Protein chains: 2
Amino acid sequence: MFYLIGLGLSDEKDITLRGLEAIRSSTRVYLEAYTSILTVQKERLEELYGKPLVLADRDMIETQSDEILKDADTRDVALLVVGDPFGATTHTDILLRARVLSIPTRIIHNASIMNAVGACGLQLYNFGQTVSLVFFTDTWKPDSFYDRVRENADLGMHTLVLLDIKVKEQSEENLARGRKIYEPPRYMSISHAVAQLAEVEDARRDGVLVPDQTLAIALSRVGGGSDNERIVSGTLAQLREQPPDVFGEPLHSLVIVGRRLHHLEAEYAAGFAVDATVWREVAQKVYGCNFD
Amino acid sequence: MFYLIGLGLSDEKDITLRGLEAIRSSTRVYLEAYTSILTVQKERLEELYGKPLVLADRDMIETQSDEILKDADTRDVALLVVGDPFGATTHTDILLRARVLSIPTRIIHNASIMNAVGACGLQLYNFGQTVSLVFFTDTWKPDSFYDRVRENADLGMHTLVLLDIKVKEQSEENLARGRKIYEPPRYMSISHAVAQLAEVEDARRDGVLVPDQTLAIALSRVGGGSDNERIVSGTLAQLREQPPDVFGEPLHSLVIVGRRLHHLEAEYAAGFAVDATVWREVAQKVYGCNFD
């Protein structure tokens with residue numbers, strides 16, 4: 001059996017009992033190391049699981065899937081991923097490969113940011129499509145996310161914005177010279193994200209992300225256990241003014257609030273506000289929430 | 001501390017280690033019994049947790065929240081919910097109440113259908129808003145979900161359709177006479193849902209749910225462990241023709257596939273198809289997927 005196991009969002013204790021059983025029954029256990037991070041190191045996981053973990057980067061999962069799947073028709077092999085196996089990154093490639101090789105597979109689900117985002121108080125069924133925001137460079141500022149946010153906004157839907165993660169990236173020079181030297185990992189912060197949103201709004205001026213009229217909620221390390229969990233709500237302008245440490249440690253995610261905002265959603269999120277008075281004012285005047 | 005703990009989707013083993021710790025530290029543990037069901041009975045949970053569980057229905061959580069929260073400022077109290085605490089049903093009411101009472105709260109997340117739906121092979125970020133389909137009666141056939149599906153469809157997005165659950169409902173007669181006698185629980189099946197969709201399409205004729213041109217995926221008991229998990233894909237017309245037992249036991253959910261369908265999504269879901277040839281044909285001709 002090939003197990004694809006979600007680890008949840010926070011640390012080693014977010015594994016499910018079913019996931020733990022599968023790990024302990026497995027002869028080889030891989031840990032996917034590129035799409036996201038837990039707040040703990042591999043060693044903490046190994047200690048709890050009682051198993052050595054093989055780090056598997058994107059390259060390995062894509063190019064050496066047969067190696068990972070080897071013998072999984074007769075033994076148990078597990079691949080561990082942060083969040084849920086079907087979260088932000090797909091693992092359908094390796095599952096399709098397993099199907100071709102007639103290897104039975106089982107998915108063990110867990111929380112991912114796609115549902116844990118509900119912790120901010122907005123209803124999950126009021127979210128539209130999810131978008132990703134990548135690090136801009138001087139020459140590359142992909143802004144198609146803006147059209148997606150507008151599509152959601154036109155329907156009054158909230159948007160979850162996933163912020164870029166750069167892990168195992170090579171500098172242009174090292175890439176050109178074929179040197180496998182990697183840059184330190186980079187995680188986009190809320191401050192960085194909000195600045196990029198302002199840059200795109202300035203360029204496009206379509207009123208989708210007007211700084212003082214758009215409510216947003218910043219999430220950091222959402223998960224059952226993390227004492228570092230932070231949820232901060234405010235206008236985009238307010239979030240931009242906050243010192244970066246307000247938002248806590250990475251990973252960060254951002255929610256753009258849509259106009260169908262219900263007053264109970266607004267009230268719950270007011271508890272996380274930079275300034276609850278401003279939050280309620282904008283919710284009332286711009287979003288039409290009635291708090292009475 | 002007041003813990004709100006997600007149990008995941010399948011059975012007692014889907015609890016996380018963190019959730020289990022919180023349960024074992026709690027002096028009172030409530031099990032929410034109305035929004036969804038696990039595949040196992042309360043006794044199996046009690047045995048594993050080593051704690052008695054108090055069943056809490058909607059009524060109790062809404063009207064006796066102070067009772068549930070009692071002493072949670074000095075002791076640990078837990079409320080267990082199937083899936084994730086912020087899945088289909090909100091628990092913000094009781095959390096807001098805890099905030100008023102200055103009781104610290106902690107959410108322990110888990111998988112919910114809102115992210116586990118990814119098991120069907122469609123990308124979560126290509127889903128629009130989620131809709132609910134309720135049991136029609138002779139006189140009440142609420143069809144606003146159709147407008148929501150169209151909003152998603154216009155953007156090419158997939159739609160997750162949550163199917164109605166009737167638990168602890170009273171017959172009109174018992175309600176009128178004030179008798180607290182409840183009907184047996186009812187869970188909407190895929191067959192029932194697809195028939196209702198056809199009824200609405202017939203009435204509205206806006207082409208959102210054309211039976212032989214709309215791809216859909218039925219999910220049953222999606223979860224890490226359930227051997228009963230079933231995923232069945234086909235046109236709405238094909239799903240309607242299937243004998244009900246094809247779809248397995250409740251709970252069922254349905255996905256309406258949007259036009260942004262990627263050929264890899266289509267290929268993965270073809271593995272669940274009633275008829276993979278028809279599936280690929282419709283994906284190609286109607287959805288414009290290119291499998292080459």
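Residues numbered from 1 in each chain as written. Chains lettered and ligands numbered in written order. Predicted model: local features only at pLDDT ≥ 70, side-chain atom pairs only at ≥ 80, totals over all residues. Heavy atoms only, no water.

- In the nomenclature of an unreviewed UniProt entry, chain A corresponds to diphthine methyl ester synthase from the organism Russula ochroleuca.
- Here chain A is described in UniProt, under the heading Function (unreviewed entry), as follows: "S-adenosyl-L-methionine-dependent methyltransferase that catalyzes four methylations of the modified target histidine residue in translation elongation factor 2 (EF-2), to form an intermediate called diphthine methyl ester. The four successive methylation reactions represent the second step of diphthamide biosynthesis."
- You can read under Catalytic activity (unreviewed entry) in the UniProt record for chain A the words "2-[(3S)-amino-3-carboxypropyl]-L-histidyl-[translation elongation factor 2] + 4 S-adenosyl-L-methionine = diphthine methyl ester-[translation elongation factor 2] + 4 S-adenosyl-L-homocysteine + 3 H(+)". (UniProt positions renumbered as here; feature names shortened; annotations may be inferred.)

**A word on helix α2 (residues 42–49) of chain B**
All names here are of chain B.
- For α2, every residue scored as buried is listed here: Leu-45, Glu-46 and Tyr-49. Down the axis, α2 shows its buried residues gathered within 100° of arc, on one side only.
- As for α2, its buried residues are in contact with α1 (17–25), β2 (28–32) and β4 (77–81). (Buried < 20%, exposed > 50% of the residue type's maximum accessible area, 1.4 Å probe, protein only. Helix = DSSP H or I, 4+ residues; strand = E, 2+ residues; numbered from the N terminus. Arc of directions from axis to C-beta. Contact = heavy atoms within 4.5 Å.)

**Notes on empty space enclosed by the protein**
- Counted by the stated rule, this structure contains six cavities of 30 Å³ or more.
- A volume near 220 Å³ is recorded for the largest cavity.
- Taken together, 14 residues line the largest cavity, and the ones lying closest to its centre are Met-114, Leu-124 and Phe-127 of chain A together with Met-114 and Phe-127 of chain B.
- Looking at the lining of the largest cavity residue by residue, the class counts come to ten nonpolar, four polar and no charged. (1 Å grid on protein atoms, 1.4 Å probe; cavity = no way out; pocket = protein on both sides within 12 Å on 5 of 7 lines; lining within 4 Å. Points joined across faces, edges and corners; volume = space filled by probe spheres on them. Nonpolar A, V, L, I, M, F, W, Y, C, P; charged D, E, K, R; others polar.)

**Looking at the pattern of salt bridges**
Residues and elements named next belong to chain A.
- Inspection of the entire model under this criterion finds 38 salt bridges over all chains.
- For Arg-179, the salt bridge identified is with Glu-173, shortest N-O distance 3.3 Å.
- Under the relative-accessibility criterion, Arg-179 is labelled partly exposed at 32%.
- For Glu-173, a relative accessible area of 46% gives the class partly exposed.
- The partner of Glu-267 in a salt bridge is Arg-280, and the shortest N-O contact between them spans 2.9 Å. With Glu-267 in helix α11 (residues 263–270) and Arg-280 in helix α12 (residues 276–285), this pair connects stretches of sequence that are 13 residues apart. (Salt bridge = Lys/Arg side-chain N within 4 Å of Asp/Glu carboxyl O.)

**Considering the sheet that holds strand β7 (residues 159–163) of chain A**
Residue and element names in this part refer to chain A.
- The five strands lie next to each other as β6-β7-β12-β10-β11, forming an open sheet whose pairing is mixed. The sheet is open, and its two edges are formed by β6 (131–133) and β11 (230–235), each paired on a single side. Strand after strand, the sheet turns through a mean of 25° between neighbouring axes, direction not considered.
- Pairing of strand β10 (residues 215–220) with β11, which is carried by six bridges, proceeds in the antiparallel orientation. (Pairing = 2+ DSSP bridges. Axes fitted to C-alpha atoms, helices over the stretch in contact; angles between N-to-C directions.)

**Observations concerning the relation of the copies chain A and chain B**
- Once chain A has been moved 0.0 Å along the axis and rotated by 180°, it coincides with chain B to within an RMSD of 0.0 Å. Such values leave the two copies arranged in the relation of a two-fold axis.
- Mapped onto chain B, 100% of the interface residues of chain A again fall at the interface, so both copies present the same surface. (Least-squares fit on C-alpha atoms with pLDDT ≥ 70 in both.)

**Describing the side chain of Glu-46 of chain A**
- Looking at where Glu-46 of chain A falls in the secondary structure, it is placed in helix α2 (residues 42–49).
- Glu-46 of chain A has contacts with Lys-51, Pro-52 and Leu-53 of chain A, leaving out every residue within four places of it along the chain.

**Some thoughts on the sheet that holds strand β1 (residues 2–6) of chain A**
Residue and element names in this part refer to chain A.
- What the five strands build is an open sheet, ordered β3-β2-β4-β1-β5; its pairing is parallel. A strand with exactly one partner marks an edge of an open sheet, and here the two such strands are β3 (54–56) and β5 (105–108). The mean inter-strand angle of the sheet, taken between neighbouring strand axes irrespective of direction, is 25°.
- Relative to strand β4 (residues 77–81), β1 is paired through five bridges, and the arrangement is parallel. Directly across from Leu-4, in β4, lies its bridge partner Leu-79.
- Where helix α1 (residues 17–25) meets the sheet, its contacts fall on β1, β2 (28–32), β4 and β5, and the angle it forms with β1 comes to roughly 140°.

**Topic: the UniProt feature "binding site: S-adenosyl-L-methionine" (unreviewed entry) in chain A**
All names here are of chain A.
- In the numbering used here, UniProt assigns the "binding site: S-adenosyl-L-methionine" (unreviewed entry) feature to Leu-9, Asp-84, Gly-87, Ser-112, Ile-113, Leu-163, Val-222 and His-252.
- With respect to the helices and strands, the residue Gly-87 is situated in the loop between β4 and α5 (92–100).
- Under the relative-accessibility criterion, Gly-87 is labelled buried at 6%.
- Along the chain, the position of Ile-113 falls in helix α6 (residues 113–116).
- If sequence neighbours within four positions are ignored, Ile-113 has contacts with Leu-9, Leu-160, Leu-162 and Ser-253.

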